Each structure stands twice: as C-alpha cells, then as structure tokens.
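Topology and contacts: notes
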Amino acid sequence: MRRALALAERGGRAVSPNPMVGCVLVKGGRVIAEGRHRRFGGPHAEAEALAKAGARARGATMYVTLEPCVAHAGKKTPPCAAAAAAAGLRRVVVAVRDPNPAVAGRGLSALRRVGARVEVGLCAGQAERLNRGFFSRMRRGRPWVILKAALSLDGRMACANGRSQWITGSSARKAAHRMRAESDAVLVGAGTVLADDPRLTSRLGGRQPLRVVLDSALRTPPRARILDGRAPTLIFSSKTGRRRNAEVLRAPGRGGRLDLRAVLRELSRRGIGTLLVEGGPTVQAEFLRRGLVDEAAVFISPKLISGADDPNRAPRLIGHRLRKIGDDFLFSGPVRQRGIRRALARSVQV
C-alpha cells in the first residue's frame, strides 16, 4: 500500500478536482502491474493497472488507495469497480472508503458480490491526508484551508509604512511557491492587492492555482498584476462590476465583510479542494476568528522590522540559536544592523 500511495502522490494537481489514486496488483508474491491517476479526465489508477496486467489479473490481489468508483451522474470515465470485478481478482485491499456519497460503499459491495475478499483501512490516515482537500469537499462542502504567513521575529507582517517585500529569504519564498503549486487556489484580500500588487502565481511552472480576491468594495485596480491573464482569477465582491481577465462574483456579506462560509461553499462547488490563504492580516484573522483554518504554515524571519522602512534593511539576528521551551520556541543571538559600523566610524572622527 505504501507503493500505491507513492504512485498516487505523483498525480499532484493534474488530477484535480479528482482525488490522487494509486494501484498495485500483486500475484504470487510479486508485483505484476501498477497504475496511477495521471490527469483529470484520464484513466483511473485501477484501470491503468488492470490494462497492464491483462489476463494475469485473475486471482491477483489489488492494493488501491481509494475505494474503486462506480457509475454515477457526471462521471467521465468507466467505473473501476466493475472493471475490477470482471478481472477476477481474489482480494482487494482498500486504504479508505470513498467519501463521495455517490460512491461510498457501492464499489466495495460490487467487489464482494463477485466473491472478492475485500479489506478496508490499511494506511487509511495517510490516504486521507494525501487527499485531504477532496475529503473536505465531500464531507464538509468546503475546501481544506491552509493559512500561510511570513512574520518577522518581532511578529510583524510588514513595516509601519506597509512594505513587506521581502521579510523572508529566497529559500523560504521558493517553498511558498511550492505551496502555491500544490494548492488548487490562493486567496488574498483587496488590501494585499493594493499594497503589494502580487501575481499569486507559482514560479515553479505547471498548472497554476486559481487566484481568489476578497474585495467587498471592488477596489482591485484594473491594471493589477493579478489580472494579467497568466492564471484564472475570481473576485468575490458585494458590488457588481467587471475586471479584465477575471470573473467578478457577488457574494453575501454584512458591514463590509464577505461571508467566508459562502465563499468556501462556492469554491468547493467549483472543485477547489485545497485553498491557500496568504493574506493579509485582516483576512487571516477573520478566517481564524470563524474557525475556518485547517492547517497553518508560518515562516519566521530573523529580522526585526518594527522600526524599519524597508524589510531588506531591517536589523536581524545573526548566528541565532533556537531552543524549545515547553510549547514555545526561543530565538536568541546578536543583532546586526546595516550602516551601524559606518555611523560609529563617522562619530569617532567627529
């Protein structure tokens, strides 16, 4: 099953909004075929593995990371449960049942009816984690929400003048781009669009995430980089209007605040399984206040930017040490500030 999970993970966002699935066929103690779901609309993992095995599949054991699917409304590919049943498998080991109400349990029943021995639950936690966005959509009707933040050591997201580029270093920014590449959508508020003019694309290439802006007053500038057409953009607003290269969607709200639960329901309806909430602080605080954050990734820079106008010139800890004290962490080390030595030299000369 671990091999099947590794195969499934290779599907990545290419299979979205479908789940990532891997399948391994074993006979006589040897792997006879493998398969994975490679892209949305393409063959499922079970179909690929069975096609490779051919007649050798009869009497084999199938290890699959998700319950084989059955025919249902809107399905684009042949049902895998029927193909597996027709192949004459002796045993089917499934990591986890499909949470989709149109499938749940029906694929397992189809296999049992033809005499296959069915086992469920091997590596279930890992399988659910792999497809947490899909499970969240099916079970809760909303995406899995990941809050991503970059903070200075003194707890700031930006300098007093609003500048926030760059609090973190290049390696951390590359990791953030990887998170975007692995997410179905990236969300910010209008304040971040106005202050930073971000593109919200992943520089790692591949399929770009949907860019989502919460903009109750429709303040997104017509020439904002988020409207560059490099990736789809969806703006939720209390007002009607248009923006080039974007869809503007009316959303319910009150007092200048959009209904986040309604926003999440709409994103789920559009097949968004994982949502990366990048900011700004007001938007992030609202997600936290309403209990809508499932996971958090916080990058902490050794900079102290409270009194700085430019994060790149802010004092920073050098040679810092990190200690865990109870549930907390302590950063400690000497502080270096650009220009200090030069200023001291001038004062001595005077």
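Residues numbered from 1 in each chain as written. Predicted model: local features only at pLDDT ≥ 70, side-chain atom pairs only at ≥ 80, totals over all residues. Heavy atoms only, no water.

**Some details on unusual backbone geometry**
- The amide bond that connects Ser16 to the next residue, Pro17, takes the cis arrangement and shows omega of 10°.
- Summarising the element assignment, Pro17 is placed in the loop between α1 (2–9) and β1 (22–27).
- Although it is not a glycine, Leu200 adopts a positive phi angle of roughly 60°.
- One non-glycine residue, Leu218, adopts positive backbone phi at about 50°.
- Mapped onto the elements of the fold, Leu218 is located in the loop between β8 (210–214) and β9 (233–237).
- Here Leu218 falls in the buried class, since its relative accessible area comes to 11%. (Helix = DSSP H or I, 4+ residues; strand = E, 2+ residues; numbered from the N terminus. Buried < 20%, exposed > 50% of the residue type's maximum accessible area, 1.4 Å probe, protein only.)

**Focus: the environment of Arg270**
- In this fold, Arg270 is placed in the loop between α9 (260–269) and β13 (274–279).
- Spatially, the C-alpha atoms of Arg270 and Ala150 are 28 Å apart, while their sequence positions differ by 120 residues.
- With residues up to four places along the chain from it excluded, the contact list for Arg270 reads Leu234, Glu247 and Leu249.
- Among the polar contacts listed, one links the side chain of Arg270 to the side chain of Glu266, at a separation of 2.6 Å. (Contact = heavy atoms within 4.5 Å. Polar contact = N/O pair within 3.5 Å; in protein donor to acceptor, adjacent residues only side chain to side chain.)

**Some points on the environment of Asn245**
- Relative to the helices and strands, Asn245 resides in the loop between β9 and β10 (247–250).
- Note on Asn245: relative accessible area 44%, which makes it partly exposed.
- C-alpha of Asn245 to C-alpha of Val93: the two residues are 152 residues apart in sequence and 46 Å apart in space.
- Leave out the neighbours within four places in its chain, and Asn245 touches Leu227, Asp228, Gly229 and Thr233.

**Things to note about the sheet that holds β9**
- If you walk across this open sheet you meet the 7 strands as β10-β9-β8-β7-β13-β6-β14, and the pairing is parallel. Every other strand in the sheet has two partners, leaving β10 and β14 (295–300) as the edge strands with one partner each. With strand direction ignored, the average angle separating the axes of adjacent strands in the sheet is 25°.
- As paired elements, strand β6 (residues 144–151) and β13 share 4 bridges and run parallel to each other. Bridge assignment links Val145 to a residue of β13, and that residue is Leu275.
- Strands β6, β7 (185–189), β8 and β13 of the sheet are contacted by helix α10 (residues 281–289), whose axis makes an angle of about 130° with β13. (Pairing = 2+ DSSP bridges. Axes fitted to C-alpha atoms, helices over the stretch in contact; angles between N-to-C directions.)

**Examining the sheet that holds strand β5 (residues 117–120)**
- The 5 strands are arranged β2-β1-β3-β4-β5 in an open sheet whose pairing can be described as mixed. Only two strands of the sheet have a single neighbouring strand rather than two, namely β2 (30–36) and β5. Across the sheet, the mean angle separating the axes of adjacent strands is 15° when strand polarity is ignored.
- Pairing of strand β4 (residues 91–94) with β5, which is carried by 4 bridges, proceeds in the parallel orientation. Residue pairing for β5: Val94 is matched across the bridge by Val120.

**Points about the pairing of β13**
- Burial analysis of β13 places 6 of its 6 residues in the buried class, which makes it a mostly covered element.
- Inspection of the sheet shows β7 paired to β13 by 4 bridges, in the parallel sense. Each bridged residue has a counterpart across the sheet, and for Leu187 the counterpart in β13 is Val277.

**A look at the nonpolar core**
- Among the nonpolar cores identified, the biggest contains 41 residues, and Met1, Leu25, Leu50, Met62, Leu89 and Val92 are the most heavily contacted of them.
- In this view, Val92 contacts Met62, Val64, Leu111, Ala116, Arg117, Val118 and Glu119; residues no more than four positions away in its chain are not counted.
- The next biggest cluster of nonpolar side chains, apart from the first, holds 20 residues, and it includes Leu210, Leu264, Val277 and Val283. (Core = buried A, V, L, I, M, F, W, Y, C linked by side-chain atoms within 4.5 Å.)

**Considering helix α2 (residues 45–53)**
- Those residues of α2 that sit buried are Ala45, Glu46, Glu48, Ala49, Leu50 and Ala53.
- Packing partners of the buried residues in α2 comprise β1, β2, β3 (61–64) and α3 (80–86).
- Gly54 occupies a position one or two residues after α2 and carries a positive phi of about 60°.

**Things to note about the packing of aromatic side chains**
- Taken as a whole, this structure holds 1 aromatic pair when the rule is applied.
- With a centroid separation of 6.1 Å and an interplanar angle of 90°, the aromatic rings of Phe134 and Phe135 are classed as edge-to-face. For the residue pair Phe134 and Phe135, the accessibility class agrees, reading buried in each case.
- Its guanidinium or amino end placed over the ring of Phe329, Lys324 lies 5.8 Å from that ring's centre, counting from NZ or CZ. (Phe/Tyr/Trp six-rings, centres within 6.5 Å; stacked < 30°, edge-to-face > 60°. Lys NZ or Arg CZ within 6 Å of the ring centre and 35° of its normal.)

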